[in-house]
Amino acid sequence: MGYAHDYAAAIMHRGRIPMEPADYVPNWQDGPRKAKYHPGADGFPLPDAPYPAEATLDRGLQAEVGDPQGAFDLVTLAGMLRDSYGLTGRRLGVQANTDLNALPHYPLANWSRGTASGGGLYPVSIHWVSGPSAPVPPGVHYYSTRHHTMQRLLTGDVSGRVRDALGEGAPGAGTDQYLVLGIKYWQNSFKYNSFSFHAVSMDLGACVQTWRMWAAARGLAVEPALWFDEERLAELLGVDPAQEGIFAVVPLKWAGARPRSTRGEGAASAVSVRRSDVERSRTVLTFDALLKMQAATSAGAAARPAPDALAPAAAHPADERLPEAALPPPRPLDADVRTALRARRSSFGRFDAQKPVAADQLAACLAAASAGSRIGGDTGDVRLARLYAFVNHVEGVEPGSYAYDPERRTLRRVKEGRPGEFLQKNYFLANYNLEQAGAVLVPTVRTTAVLDAVGDRGYRLVNATIGAVAQSVYTAAAAVGLGCGVALGFDNISYIEELGLEETGEAPLLIMMIGNERPAPADFRYEIA
């Protein structure tokens, strides 16, 4: 057993046994930037990208509709990046989160994005490695989210280096266009210290799931690779592997691209990015658990598991012995993906139980969560996440705790009675009243089984799956007119006990609250895209 098993156990018990350093206090005045800074880098603005109304979220959540004949171009790439990680507006609202007093001040402004992120920190670094097929000179580019531009970090075709790093069996290895996703740890660990690896790996899944929904609705396909030669890609990008992990590579099928060989082209090229990111923080701290998790999950990263390796770790099917509670068909998610992403936000305590959630709204959010439980690519088609629902205020559904049956799209009652007292008792923060939410959805993954099946790197897959589920629910809730909030500050062990998961090996990793919000909110919104 590797270190990831120990880290997973510490995460599960952190509500009762604090993780080291238990007395850590962030130095907010010396915090890092929310994006990388490359002084002197030239670049180019990305074009505007219209989004068709027929590209609905319902279509986007069905990844299999991605047309293998569809291909990206610069316009679609720009649209996907803007709608996922680009800044789309400034928001300010009276709510219950602890940073409310800071948000009216412009230097600490809250800028909205389509993808959710733990703590609003957005640590995923998006690099575009472009080969000759693109309409720009080949090279390595960094997506500057604040400017919606590509900053050129290296000129020259190094797409063969990425192709070689992916190795045999990787998705989309015949292209010469790749998005490489790194995570700069200090951008998150300055706030969350040892816990940060748990959070940032979910951020990765949320970002990739936004791309999968956005692309599938447009008849395109996004298939991420999580196994590759990470050290080689870190060298190419000029980053310190201990400070920034390379978490995913997304090959893009490109319009007009010629078939490419899959191996050997980049073997002789040793060039790498030399224009380094300049850190704002005067003091950058390291955390032992974070360093160990990066080392454990990057070791042997090129050894891609066999296609059926994750089968023993698949989510258990619904227990047909439990009493069934019917749900109506899910409410159609007929908003286009861009509109739903622009409407997505966290509720932060604004839930109001006076207006219950409609059963078809709950059904839509559950179905979206199930669709997000497979992230595809080189992880295969195994559903890793199982979903539970604590129902407080839903029309036609008795209060209680339930397991979701994705095949029948129904609920299986685990426990009767109102769960509000349990939910609030086991939530550590003051920014939500969980009893006021219509329902609290809880995804679980058999973390230990995944690690046993594919090794320590599987921890990244576990949390990427949870992040994908969360992003799917956030976006679906916005599409059906519900508020949504996602949180990690709860007693995981209490949820295991409440749901009777001691024998199944399921780990509750995140809670997702959905519900109607108080009317006439005091909100400010200024759209910039």
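To keep things clear, this report deals only with the structure shown in the data block. (Residues numbered from 1 in each chain as written. Predicted model: local features only at pLDDT ≥ 70, side-chain atom pairs only at ≥ 80, totals over all residues. Heavy atoms only, no water.)

Another point: the sheet that holds strand β2 (residues 89-93). The pairing of strands in a sheet comes from backbone hydrogen bonds and takes either a parallel or an antiparallel form. Spatially, the 3 strands line up as an open sheet ordered β3-β2-β17, and their pairing is antiparallel. Of all the strands in the sheet, just β3 (111-112) and β17 (523-527) have a single pairing partner and so form its edges. Where β2 meets β17, 5 bridges bridge the pair, whose relative direction is antiparallel. Within β17, the residue paired with L92 across the bridge is F524. (Pairing = 2+ DSSP bridges. Helix = DSSP H or I, 4+ residues; strand = E, 2+ residues; numbered from the N terminus.)

Inspection of the secondary structure puts R460 in helix α13 (residues 458-479). Of note is the side chain of R460, whose polar atom sits 3.1 Å from the side chain of T297. Sequence-distant contacts of R460, that is, excluding residues within four places in its chain, are made with Y185, F197, S201, E230, I246, F247, Q294, T297 and S298. (Polar contact = N/O pair within 3.5 Å; in protein donor to acceptor, adjacent residues only side chain to side chain. Contact = heavy atoms within 4.5 Å.)

What follows is about the sheet that holds strand β8 (residues 244-251). One open sheet accounts for 6 strands, arranged β1-β6-β5-β4-β7-β8; its pairing is antiparallel. Of all the strands in the sheet, the pair left with one neighbour each is β1 (43-45) and β8. The mean inter-strand angle of the sheet, taken between neighbouring strand axes irrespective of direction, is 25 degrees. With respect to the sheet, helix α6 (residues 196-217) is in contact with β4 (124-130), β7 (177-184) and β8, its orientation differing from that of β7 by roughly 155 degrees. (Axes fitted to C-alpha atoms, helices over the stretch in contact; angles between N-to-C directions.)

Once that is clear, we can look at the pattern of salt bridges. Enumeration according to the criterion identifies 24 salt bridges in this entry. Between D83 and R342 there is a salt bridge; the shortest N-O distance is 2.7 Å. Here D83, found in helix α3 (residues 74-84), pairs with R342, found in helix α9 (residues 337-343); they are 259 residues apart in sequence, far enough to count as distant. Exposure remark for D83: the relative accessible area of 1% places this residue in the buried category. Between R212 and E223 there is a salt bridge whose closest N-O contact spans 3.5 Å. In this pair, R212 sits in helix α6 while E223 sits in the loop between α6 and α7 (230-237), placing the two residues 11 residues apart along the sequence. By relative accessible area, which is 28% here, E223 ends up partly exposed. If you follow the salt bridges from partner to partner, you end up with E324, D405, R408 and R412 in one network. (Salt bridge = Lys/Arg side-chain N within 4 Å of Asp/Glu carboxyl O. Buried < 20%, exposed > 50% of the residue type's maximum accessible area, 1.4 Å probe, protein only.)

The element strand β5 (residues 139-144) is extensively covered by neighbouring structure, given that 6 of its 6 residues are classed as buried. Burial along β5 is two-sided: G139, H141 and Y143 and V140, Y142 and S144, pointing in opposite directions, are all buried. Judged from the 4 bridges that link them, β4 and β5 form a sheet pairing that is antiparallel. For V129, the partnering residue across the bridge sits in β5 and is V140. Pairing geometry for β5 and strand β6 (residues 149-155), over 6 bridges, is antiparallel. Paired with V140 across the two strands is L154, which belongs to β6.

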